[in-house]
Each structure stands twice: as C-alpha cells, then as structure tokens.
Amino acid sequence: MGLPRVLSGVQPTGALHLGNWLGAIRNWVDLQKDHDTFFCVVDLHAITVPHDPDRLARDTLSTAALYLACGLDPERSTVFVQSQVVAHSELCWLLNCVTPLNWLERMIQFKEKAVKQGDNVSVGLLDYPVLMAADILLYDADLVPVGEDQKQHLELARDIAQQRINARFGNAETSVLKVPKPLILKEGARVMSLTDGRSKMSKSDPNEGSRITLLDPPELIAKKIKRAKTDPERGLEFDNADRPETDNLLGLYAILSGKGRDAVARECSEMGWGQFKPLLAEATIAALEPIQERYRLLMDDRAQLEMVLQQGRQRASSVADSTVRRTREAMGFLGAS
Ligand code: AMP
Ligand code: TRP
C-alpha cells in the first residue's frame, strides 16, 4: 500500500493571509512527510464571483509561489494549477448531473456569498462545491486538510461519491470513487479578523486592516496589529467568550512565537495591550520573514517556477485522467478508442 493521499487547494483571489497559512498551508507542509500530497491553485473557483482577467494569471502564479515559499517541496508534493488539468472540468460535469440541486442550495458558503452578489449570482457560484468535490475525488484523496469553514463542502463531496456515484454506478466489489475524509487541525484552525474577533479573517473583507497578508512588509504588520481591536481589560486570557479579540490575538502569538498556548497564557496573564502588541508584531514579522524572502527568490526566477508547475500538471493529469476514465466507464459512456 502506498502512503495515504492528500489533496487541498486555495483560490488565487487576493493575497494569502495568516488564516490561510495557519489554517491550511502550514498543515500541508507537515503532511508532505508521510503522505502522498497534491496541492493545487484553484483558479477555476476564483471565477465563480466576478473577477479581473488582468489579475487572474498573475495571482495564480503568485499563489503557487507562496505555496512553495511556505515550504511545499515539489520533490515531495505535486503542486499544480487546477485549470491546467482539464479533468477537473470534466468530472465536475459528470458530478453535476447526479447532484441534487437542493444539496447545493443549502450550502452555507453559497448563501453567504450569494447575498453579497445581489442579483448577479452565477451558476458557477452555486456549483462551486461540486467543482471542489471533483478536485478531491479525481485524486482518490484519503484526507483533505481544510479550515473548519470547509467542512460542509467536504461532507458534500463524501455524499456525492458515496450516495450518488458509488451506490448507483459501482458494485459490491469495486467502488468508483474513493470517499475522502476531512482533516481539520484545531489550533489555528480559525484565525479571526483583527477588527472583529467574532468574524474570521478573510480575503474578501473590504477593510485591509482586518487581515495580515503573508506579503505585508514589517511596518504594515506592526501598524495593523497596533490598530487591531482590543478590549479595555488588563491581563490576557484564552477562552473567555466575552473577549474574542483577546483569544484570537493571544492564539496568534502562541503559534507565531512558537511558544505554545500554556507558555503564552502564563507570560501574558498580567499584561496590558501596550506591552503585548509589540511582542505580537515582532513574532509575526519574524515568522513571515523567511517566507517573504523565499517568495522573492521564486518570483525572480519565473522559468523555474513555471517548470515546477508544468511538472505538477503532468503528474496530476496522469492520476486525474484515469479517474475520469473510470467514472465515464461506470456511468456507461461510449469509450474512446
Ligand atoms: P479561502 O481564503 O477562503 O480561499 O480559503 C483557503 C483555505 O484557507 C481554506 O482551507 C480555508 O479553510 C482556510 N482559511 C481561510 N480563512 C481562514 C481563517 N480565517 N482561519 C483559518 N483558516 C482559514
Ligand atoms: N473551497 C476551498 C476554500 O475556499 C478551496 C478548494 C477548492 C479546495 N477545491 C478544493 C480545498 C479541494 C480543498 C480541496 O478554501
């Protein structure tokens, strides 16, 4: 038996932030050691809301560079761009035709995003979770590391594979598609906004002060942390439901300083914000510095970066094409000779 297979991806919409890193990419780096890992930049998902064609390619490349800068190693992981592996679109169509509309209409993320789009909601936005299911199922993924907000989409992918494909088109001995499991890491699984401890840090928040991106220069990081929302109490603590900002900032400090929760809970139990915020800023800047340095080197060698993606595309395509073939066959299509 080979190593368990892992697949995940992030959209190339706007700069990746601490939530993406701590809730997603950081875990991917660890998984490379003992899993067969596939990581893609999900650019097809990025066009489910209105997008800027002048930015799509640039953001896709820069997101891929950030994956590598965060520690994904092309020798160990297959790193690729979703739209460059055509099987994603094809499996998505096959899955579309067996997925009940009402499963999609009740997706929380769809409802939230649809409200923001007013009367300009695309079919693609509704279909987003089916494309995501295709991403996962194409690679026979055992595990899908994602933030907590993606759990419902994972459930959907499982239901489509199990109830809508395997139950209908498989048989007792062979299932057509592998049923994946979510992998949600607790600590850092949800990084909250700097301006509101009750909503998560997000690329789409119009207020840039609400997030720290992985490419923010040190002065900007310090400024955002200085302005971050706090409360008037002295002494910092975890798990006080009335102090969500405190919990979030202390949690970030625990991870970014590498000290862990117990140590920082002790260190900061009597601290005021004036003392704490510079410590957090310093820890954040130090944690991001090596990523930013590697990112610059990667972006300076465009040919090398494109070669990594080309190699990833080939490796990904060979796995994905065979899953599409299997699914087509199970569904009864005329085979191509
Ligand atoms: P997105 O930015 O929505 O494309 O999300 C990309 C990945 O980062 C997904 O696995 C999300 O679950 C994760 N993620 C996004 N925002 C956060 C956050 N604030 N905290 C933790 N994880 C996040
Ligand atoms: N929907 C995911 C998010 O917003 C991104 C994504 C697309 C994804 N396809 C995926 C995540 C496949 C994991 C596996 O974060």
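The paragraphs below set out a description of the structure included in this document. Here the structure is a predicted model, which is why all the values come from computation and not from measurement. (Residues numbered from 1 in each chain as written. Chains lettered and ligands numbered in written order. Predicted model: local features only at pLDDT ≥ 70, side-chain atom pairs only at ≥ 80, totals over all residues. Heavy atoms only, no water.)

The next subject is the overall build of the chain. Counting its regular elements, the chain contains 13 helices and 5 strands. Structurally, the chain occupies a C-alpha span of about 70 × 45 × 45 Å along its principal axes. Taking all 337 residues of the chain together, the buried fraction comes to 49%. When contacts within the chain are restricted to residue pairs at least 6 apart in sequence, long-range pairs at least 24 apart make up 75% of them. For the chain, the accessible surface area stands at approximately 16,400 Å², while carbon and sulfur atoms represent 51% of it. Separation between the mean location of the 41 positive side-chain charges and that of the 46 negative ones in the chain comes to 1 Å. (Helix = DSSP H or I, 4+ residues; strand = E, 2+ residues; numbered from the N terminus. Buried < 20%, exposed > 50% of the residue type's maximum accessible area, 1.4 Å probe, protein only. Contact = heavy atoms within 4.5 Å. Areas by Shrake-Rupley, 256 points an atom, 1.4 Å probe, with all protein chains shown as cover. Lys, Arg positive; Asp, Glu negative; His and termini not counted. Charge placed at Lys NZ, Arg CZ, Asp CG, Glu CD.)

Here, disulfide denotes a covalent bond that connects the sulfur atoms of two cysteines. Taken as a whole, this structure holds 0 disulfides when the rule is applied. For C70, which is in no disulfide, the shortest distance to another cysteine sulfur is to C40 and amounts to 16 Å. C70 sits in the buried class, given a relative accessible area of 9%. In this model C97 remains outside any disulfide bridge; the closest cysteine sulfur is found in C92, 9.4 Å from its own. (Disulfide = S-S within 2.5 Å.)

Moving on, we come to the site of ligand 2. For ligand 2, the set of nearby residues contains 13 residues, the closest of which are H45, Y128, M132, D135 and Q150. One of the side-chain nitrogen or oxygen atoms of Y128 is found 2.6 Å away from a nitrogen atom of ligand 2. One nitrogen or oxygen atom from the side chain of D135 is found 2.6 Å from a nitrogen atom belonging to ligand 2. Contact with the protein chains hides 90% of the accessible area of ligand 2, taken as 360 Å² for the molecule alone. Elements with a minimum of two residues in the shell around ligand 2: β1 (5–10) and α7 (123–137). When residues of the shell around ligand 2 are assigned to their parent elements, the largest contribution, 4 residues, is made by α7. Classifying every residue of the shell around ligand 2 by side-chain character gives 7 nonpolar, 5 polar and 1 charged. (Near = heavy atom within 4 Å. Polar contact = N/O pair within 3.5 Å; in protein donor to acceptor, adjacent residues only side chain to side chain. Nonpolar A, V, L, I, M, F, W, Y, C, P; charged D, E, K, R; others polar.)

On to the side chain of H17. Positionally, H17 belongs in the loop between β1 and α1 (18–31). One polar contact links the side chain of H17 to the main-chain amide nitrogen of G19, over a distance of 2.9 Å. Apart from the residues lying within four places of it in its own chain, the contact partners of H17 are M201, S202, K203, R211, I212, T213 and L214.

For the coordinates displayed, the defined rule picks out 15 salt bridges. Where K178 meets D142, a salt bridge forms, and the shortest distance between an N and an O atom there is 2.9 Å. A residue pair is termed long-range when its members are at least 10 positions apart, and K178 in the loop between α8 (151–169) and β5 (181–183) and D142 in the loop between α7 and β4 (143–145) qualify at 36 residues. We classify D142 as partly exposed; its relative accessible area is 22%. Here K224 ties to D216 by a salt bridge, and the two come within 2.6 Å at their closest N and O atoms. Accessibility assignment for this pair places K224 and D216 in one class, buried. Taken together, the shared-partner salt bridges connect D231, E233, E237 and R243 into one network. (Salt bridge = Lys/Arg side-chain N within 4 Å of Asp/Glu carboxyl O.)

Taking 1.5 Å of rise per residue, 17 residues should cover 24 Å, and helix α3 (residues 53–69) covers 25 Å from first to last C-alpha, within 8% of that figure. All of the buried residues along α3 are D59, T60, L61, S62, T63, A64, A65, L66, Y67, L68 and A69. Sitting at the amino-terminal end of α3 is D52, which places a side-chain oxygen 2.9 Å from the backbone nitrogen of D54. (Expected span 1.5 Å × (residues − 1).)

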